[in-house]
Structures are given as C-alpha cells and as structure tokens.
Amino acid sequence: MPVFLRRLGAFDAVLAGCALAVMLLLPLVEMLLRPLFGVGIANAPVFVQHAGLLLAMFGALVAERGGHLTSLGAGLGDSSDRRLRRLAQWLAHGSSALICGMLAEASRTFVAAELDAPRDIAYGIAGAWFVAAMPLGFALLGLRFGWRILAVEAPSTVIVRWAGAALALALPLCGGLLASYFDGATLPLWPFAVWLLLILLCGAPVFAVLGGLALALFWSEGQPLAAVPLSHYQITVNPSLPALPLFTLAGLIFARTGAATRLGSLFTALFGGGARGTAIAGAVLCSFFTALTGGSGVTILALGGLLLPLLTQAGFPERRGIGLVTSASALGVLLAPSVPLIMYAIIARVPINTMFLAGVLPALVMIFFLLVVGGFLRRDGLTVDRAAKPDFRLAGQAAWAAKWEILAPVVAIGSLAGGLATPTESAALTAAYAVLTQTVFHREFGLRGMRGVLVGCAEVIGGIMLILGMALGLTNYLVDAGIPDAAIDWVQSVLPNKWVFLIALNVFLLIAGALMEIYAAIVVLVPLLLPVALAYGIDPVHFGIIFLANIEMGFLCPPAGMNLYFSSAMFDKPISLVARAVLPAVMAIFLGSLTISLWPGLATWLPKMAGF
C-alpha cells in the first residue's frame with residue numbers, strides 16, 4: 001500500500017480514538033458539574049452525538065484496514081478454485097469502491113445543503129465540520145477498496161503498482177461522477193439488484209450492499225440520493241446511540257484483563273465442579289460475559305480456552321463441550337447492557353431501562369431450555385461421572401476476588417434505572433468504572449492498554465454504525481413507500497390469529513437470523529415487523545424480546561452464524577463439526593423462543609413491577 005495510505009491509516013485510528021475519548025469524558029464531566037453548579041456543559045449531549053459521527057466514519061476506516069467490515073462469508077470469495085476466488089474478490093472490492101464513490105458524492109450534496117443553512121453544534125463549531133466526515137470517510141473507504149483489488153495478487157513491477165494506484169483512484173471517482181450525473185434521474189431497479197446480489201455472494205461488505213440497494217431504490221423513484229447520507233447522519237447522532245460504543249468499550253476492557261478467569265472461578269464454585277455443575281456454570285458465565293462485553297465472539301475467544309478444558313475434565317465429550325460454549329455465548333443478547341438490546345430500544349423507541357429489565361427472565365428461560373432440552377445436563381456419554389457439590393467457602397473467596405466485575409452490571413443498570421444518569425452517561429460511567437477497577441484495583445490495565453482498547457472499540461463500532469446508517473436509509477425508503485402498511489394488511493389476511501402469527505414470526509426470524517448480520521436485521525426488520533406486531537396487540541417490549549431471542553439463534557446458523565466461525569478458529573475444528581455440535585442447542589433455543597412468545601409476562605412482568 002502506498003506510504004500516504006499507510007499514514008492515513010494511523011490518522012484515522014487517532015481520530016476515531018480521540019472521538020471515543022471525547023464521548024467518554026464529556027458525559028462524566030457533565031455528571032460532576034450538575035450537582036456542583038446546577039448546570040452542566042452547554043450542548044454537551046449534542047457534541048457527544050456528533051463525535052459519534054466522527055467515530056462511525058473513521059472507525060469504519062480502521063475496521064476496513066483490519067479486514068473487519070462484516071460480509072456474508074463463505075461465498076464465492078472463499079471458493080477453493082483460485083481463479084474464481086480471485087475474480088470474486090476483484091468484483092467485490094471494485095464494486096465496493098464504486099459504491100463508496102457514490103456515497104461520497106451523495107454525502108457531498110448533503111454537506112452542501114448544510115453550508116446553505118449553517119447551524120452551530122456547540123461553542124461556535126458549525127455542524128458542517130462534523131458532516132464533512134461523511135464524504136471524506138466514504139472517499140477514503142473507496143480508495144482502500146480500490147487498492148485491495150491489486151492486493152488480491154501481489155504487484156510484480158513498479159508499472160503494475162502505479163496502475164493499481166490509478167485504478168484505486170479511478171473507481172471511487174467513477175462512482176462519484178455516476179452519482180452526480182444521474183442524481184434525481186429515474187433508473188431501473190433490477191440491474192442494480194442483480195449486481196448487488198452478485199457482489200454480496202462475492203464477499204462485498206454488508207454496508208456496501210445495503211448502501212447500494214438504498215441508492216438504487218431512491219434512483220428508481222427519481223429521488224435525491226442525499227437521502228441515504230441523511231439517514232446515516234440521523235442514526236449516528238441519535239441521542240441514545242453513544243451508549244453503544246461506551247458499553248462496548250467497558251466490555252472490551254474487561255475482556256482484556258483477568259475478569260473472565262475470576263468470574264469462571266466464581267461460577268464453578270457456586271455450581272460445583274461435576275459435569276452438571278460445570279455445564280450450568282459455563283452457560284451462566286458465557287451469557288453474563290456476552291452481555292458485559294457486547295459480543296458473543298469475544299466471549300468465545302475470552303472464555304473458550306478456559307471453559308472447554310473444565311468441561312472435558314468434568315467428563316464432557318469434546319464435541320458436546322464445544323457445542324455448549326458456542327451456543328451459550330449467544331444467550332447474553334437478552335441481558336443488560338448488551339449492544340443489540342440497546343439497539344432495539346433505540347430503533348423501536350422503547351426506554352432502554354425497560355428493555356434491560358425485560359430481558360432478565362427470558363434470558364433465564366433460554367438458559368434453562370439450552371441446558372435441559374438441549375441435553376447438556378444428561379449423564380449419558382460422559383467420560384467421567386463425577387459429582388461435585390458447590391463449595392460456598394470457595395465461592396465466597398472467588399466472589400470477593402471478582403467483586404468489581406460482579407458490580408459492573410449494577411453500575412450500568414442501577415444508574416439508568418434509578419434515574420441518576422441518561423443512557424449515554426450510564427454507559428460512560430460503566431466504562432470509567434471498568435478503567436478504574438482494572439487499572440487501580442487489579443492493576444491489569446494501563447495507559448498503553450487504553451490506547452489499544454480505544455482503537456479496538458472504534459474498529460468494532462465503526463463497522464456496526466456504518467451498517468446501521470445504510471440499513472436505515474433502506475428502511476426509510478421502505479417506510480416512505482408504505483411497505484409496513486402493506487405488510488400489515490397482507491399478514492392479517494393470511495394469518496388472522498395472533499398465536500399463529502407468533503409461531504410464524506419465530507420461524508421467519510430464525511431464517512432471517514441465519515441470513516442477516518444481527519445489527520442489520522434490527523435496523524431493517526424492526527421498523528417493518530413492529531407495526532405488524534402492534535396490529536395484533538403485541539406489546540413492543542414483548543416483541544423486542546421475541547425478536548432478539550430468535551435473532552440470537554442466527555449466531556449459530558450458517559451462513560451468517562459468526563459463532564460457528566469463531567469457535568472453528570478458537571478450537572481448531574472444522575465448521576461442519578461445530579455446526580453439528582450446536583444443532584441440539586438451536587432446537588432448544590427455538591423452543592425457548594416459542595415459550596417466551598406465548599407467555600408475554602416473562603418479558604413484561606419485571607418492567608411493570610418496577611413501574612416502567
């Protein structure tokens with residue numbers, strides 16, 4: 001890669017890390033100033049929200065550089081045929097560069113509109129300065145994708161390298177010129193749809209396909225393309241969205257210290273060291289840790305090396321142990337402060353604290369179904385049948401060692417549910433708590449680690465927020481086109497009974513979770529399905545738990561089942577073996593989801609008891 005692109009790589013990491021640091025520090029200062037002076041920093045929440053836009057764009061650049069922008073996976077780009085694989089990668093990278101050029105041009109027109117009607121965000125800083133990050137970010141992404149075409153096969157001569165650099169520049173430029181020339185024109189949809197499906201199968205990032213589809217839909221109606229970057233702007237400056245990167249930051253800090261080992265010792269002592277006790281401890285620990293870190297893949301990487309030896313020593317066959325760790329790591333989606341739980345609350349406009357409480361009982365139900373119906377507590381097939389009672393003395397010692405990790409959810413949920421902090425402030429407080437406890441009390445984290453975790457968090461969140469922005473552009477088009485209303489009429493004509501609808505909903509979401517990345521599924525499907533559910537009299541909180549309970553199964557189902565890929569890498573096993581190992585768990589979790597669907601009180605009882 002040319003020197004200037006490498007320097008830009010370091011530059012985007014610095015900008016993304018600084019934006020995240022601002023998002024962490026400003027809410028904390030605000031919380032300190034309010035009780036002291038009765039007033040906080042002027043427009044601090046708005047400033048934090050717009051720092052989120054910088055984090056989204058420059059974090060996406062960091063994610064692209066690390067190869068962490070989400071794609072469908074296991075498509076033509078992974079073919080065993082070398083020529084087919086190379087052709088697919090060229091098509092995916094080149095098409096992504098073109099789409100990024102189109103998005104850069106659409107964003108430029110959005111910035112021009114901002115300049116025509118200037119507005120200050122805070123302290124005399126114009127909003128256009130923040131919005132300008134979008135055309136710049138998409139243009140740089142286009143250059144990166146263009147350069148990756150050459151990287152598919154190492155350049156052999158200087159001429160080839162210069163040709164590759166020219167191509168990297170030409171592709172996003174052509175995309176921008178295309179968007180500029182045809183903006184407001186009416187173009188047919190089907191050629192774009194075929195092209196986007198092809199590049200999705202070739203391994204193009206999900207955000208590029210969603211963004212390209214949104215552009216194509218607006219093109220088909222002759223509408224301005226600036227509607228797509230406008231949607232991206234709307235989602236990234238949502239008042240509740242800064243909670244996502246800040247809770248993720250807290251989770252990554254815990255994941256990079258000895259928190260997993262301390263919690264593992266606690267749960268193993270509480271439930272005993274026998275086969276059943278270790279299985280229960282493993283399921284509870286994986287769920288808890290996924291909620292804390294915000295990612296089931298992080299849980300597999302952090303706990304897999306700890307839990308699988310414990311399970312095999314307790315008598316579990318290796319395959320059953322892999323199945324338990326892989327499947328239990330998906331269940332934390334329902335527990336606070338999980339990122340998908342917060343994301344649903346934002347999209348569905350449901351209070352975040354309500355969703356935090358609503359997920360507790362359903363999560364316990366899912367763990368019960370996983371262990372009992374999934375067969376992880378049965379004794380047949382065990383290599384050792386050794387019973388072990390809980391050791392409460394040892395549990396007390398382990399609890400004392402893990403006291404700071406145990407209190408983390410209390411800080412997150414308590415500050416929010418108690419009305420002491422907004423969602424953003426609660427997330428910042430939890431992240432600061434993680435830094436304080438792991439740095440001062442455990443001394444396992446330092447300033448050097450903070451730099452790495454800021455960049456790591458930007459890498460994770462940048463890719464997610466890019467998907468959310470593009471998916472919202474698609475959703476806005478579908479809403480404007482009246483698709484949700486048409487869906488209500490059609491579904492009610494086919495499924496007049498509420499209970500039949502709930503069963504059909506579970507089946508549909510299971511399939512959707514296997515095909516879609518979870519964040520894209522939330523942004524695309526919730527605005528379409530929630531009005532249908534409301535038409536049947538289903539509570540939005542109950543619907544949210546049903547939705548997440550089913551979508552979390554997507555972590556375990558190919559082709560989008562990321563837990564399968566993480567486990568395959570972690571345990572050095574074929575994906576086919578991991579998929580067979582989790583099959584009983586998928587069936588059990590599906591039955592648990594049906595139970596939650598047919599018993600609304602599991603989701604609504606705790607929020608009602610708390611007065612939410």
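From a predicted model like this one, the values you see are computed outputs, not experimental measurements.

1. What about the side chain of Gln438?
Mapping Gln438 onto the fold places it in helix H20 (residues 423–441). Engagement of the side chain of Gln438 in a polar contact is seen with the side chain of Thr437, the distance being 3.3 Å. Apart from the residues lying within four places of it in its own chain, the contact partners of Gln438 are Ile253, Phe254, Thr257, Arg262, Glu405, Arg443, Glu444 and Phe445.

2. Regarding the pattern of salt bridges
For the coordinates displayed, the defined rule picks out seven salt bridges. Arg262 is the salt-bridge partner of Glu444, the closest N and O atoms lying 2.9 Å from each other. In this pair, Glu444 sits in the loop between H20 and helix H21 (447–480) while Arg262 sits in helix H11 (residues 259–271), placing the two residues 182 residues apart along the sequence. A residue is classified by how much of its surface remains accessible, and Glu444, at 34% relative accessible area, is partly exposed. Where salt bridges share partners, they join Asp12, Glu64, Arg65, Arg144 and Arg148 into one cluster.

3. A short note on helix H23 (residues 498–515)
Given a rise of 1.5 Å per residue, 18 residues ought to cover 26 Å, and the 26 Å separating the end C-alpha atoms of H23 matches this to within 8%. Those residues of H23 lying buried are Phe501, Leu502, Leu505, Asn506, Leu509, Ala512, Gly513 and Ala514. On its buried side, H23 packs onto helix H22 (483–494), helix H24 (518–535), helix H25 (540–551) and helix H27 (575–598). The residue sitting at the N-terminus of H23 and contributing the capping side-chain oxygen is Asn497; that oxygen lies 2.7 Å from the backbone nitrogen of Trp499.

Each value, and the rule that gives it
- Residues numbered from 1 in each chain as written.
- Predicted model: local features only at pLDDT ≥ 70, side-chain atom pairs only at ≥ 80, totals over all residues.
- Heavy atoms only, no water.
- Helix = DSSP H or I, 4+ residues; strand = E, 2+ residues; numbered from the N terminus.
- Polar contact = N/O pair within 3.5 Å; in protein donor to acceptor, adjacent residues only side chain to side chain.
- Contact = heavy atoms within 4.5 Å.
- Salt bridge = Lys/Arg side-chain N within 4 Å of Asp/Glu carboxyl O.
- Buried < 20%, exposed > 50% of the residue type's maximum accessible area, 1.4 Å probe, protein only.
- Expected span 1.5 Å × (residues − 1).

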